[in-house]
Amino acid sequence: MSLEYAILVSLRERAGSGYELARRFDKSIGYFWAASHQQIYRSLKRMVDAGWIDCDEVAQDKRPDKKVYRVSEDGAAELARWIGEPATPSSTTRNDLSVKLRGASFGNTAEVIAEMTRHRDMHAERLELYRTLEQRDFPVPARLTGRELHQYLVLLGGMRVEEAFLSWCDESIKALENDGGEAS
């Protein structure tokens, strides 16, 4: 997925400045589509040039004017077209950690266990954050509809991915420890 589509979704939910959009990425969208502030600003410029978003200058007291972005008709049409396309399958196991695990016997298995444990701990923290967001923002999921339901379903997907990753890490760590924890 290109960053531009994540930006279009965010701006369809609520117009905002580049700074506001970057903060949204830091607090929500970034959990499933990471982007630096620089990447966001570069994409905003490209999207204005492409006609996907419009930009209004808003005067501010004692501060520079800010640009507020909103999705144009062309951008809304492009987003709807993209949403209708088949999604590219993602791969949760295509990463450095999987390659390190696969090659553990060619190095120090104890170091691979330590790295698996480090990743497990990071993902446990992320899962806890997701659960906190669920309790705070979606206390009664069965009553959700529309945009709130869609946002919750993304969060739910993230929780399930983290739960599966934690389970895989736990199983892998246990198996490596039972194997002796050292290179063969």
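Higher on the page you've got the structure.
Residues numbered from 1 in each chain as written. Predicted model: local features only at pLDDT ≥ 70, side-chain atom pairs only at ≥ 80, totals over all residues. Heavy atoms only, no water.

Novice: Just checking my understanding: could you explain the environment of Pro139 for this structure?
Specialist: By secondary structure assignment, the location of Pro139 is in the loop between α6 (109–137) and α7 (146–178). Residues Pro139 and Gln39, 100 residues apart in the sequence, show an inter-C-alpha distance of 34 Å. (Helix = DSSP H or I, 4+ residues; strand = E, 2+ residues; numbered from the N terminus.)

Novice: Please explain the pattern of salt bridges as it appears in this structure.
Specialist: A side chain of one charge can pair with a side chain of the opposite charge when the charged atoms of the two come close. The tally for this structure, following the rule as stated, stands at twelve salt bridges. A salt bridge links Arg118 to Glu115; the shortest N-O distance between them is 2.7 Å. You can see Arg118 and its partner Glu115 sitting in helix α6, three residues apart, about one turn around the helix. Owing to a relative accessible area of 43%, Arg118 belongs among the partly exposed residues under this scheme. Among the ionic pairs, Asp137 bridges to Arg136, the shortest N-O distance being 2.6 Å. Asp137 gets classed as partly exposed once you look at its relative accessible area, which sits at 35%. If you follow the salt bridges from partner to partner, you end up with Asp54, Asp56 and Arg70 in one network. (Salt bridge = Lys/Arg side-chain N within 4 Å of Asp/Glu carboxyl O. Buried < 20%, exposed > 50% of the residue type's maximum accessible area, 1.4 Å probe, protein only.)

Novice: Hey, could you run me through α7 in this one?
Specialist: One turn of the α-helix equals 3.6 residues, which is why residues spaced by three or four share an orientation. If you check α7, its first and last C-alpha atoms are 48 Å apart, about what 33 residues at 1.5 Å a residue would give, namely 48 Å. Burial in α7 covers these residues: Tyr152, Leu155, Leu156, Gly158, Met159, Glu162, Phe165, Leu166, Cys169, Ser172, Ile173 and Leu176. Buried residues along α7 sit against α5 (96–102) and α6. Just downstream of α7, Gly180 is the residue with a positive phi angle, here 115°. (Expected span 1.5 Å × (residues − 1). Contact = heavy atoms within 4.5 Å.)

Novice: How do you make sense of the nonpolar core when you look at a structure like this?
Specialist: The nonpolar side chains of a soluble globular protein tend to be buried, and buried together. Among the nonpolar cores identified, the biggest contains 19 residues, and Ile7, Leu8, Leu11, Phe25, Ile40, Leu44 and Ile53 are the most heavily contacted of them. Breaking this core down by element, the ones donating at least two residues are α1 (3–13), α2 (18–27), α3 (37–50) and β3 (63–71). If you tally residues by element for this core, the top one is α1, at six residues. With ten residues, the next largest nonpolar core counts Leu127, Leu133, Phe138 and Leu156 among its residues. (Core = buried A, V, L, I, M, F, W, Y, C linked by side-chain atoms within 4.5 Å.)

Novice: When you look at the pairing of strand β2 (residues 53–60) in this model, what are you seeing that I'm missing?
Specialist: Where a strand is regular, its side chains alternate between the two sheet faces. Where β2 and β3 come together, seven bridges link them in antiparallel fashion. Residue pairing for β3: Val58 is matched across the bridge by Lys66. Between β2 and the antiparallel strand that follows it, β3, lie two residues; Lys62 among them carries a positive phi value of about 60°. (Pairing = 2+ DSSP bridges.)

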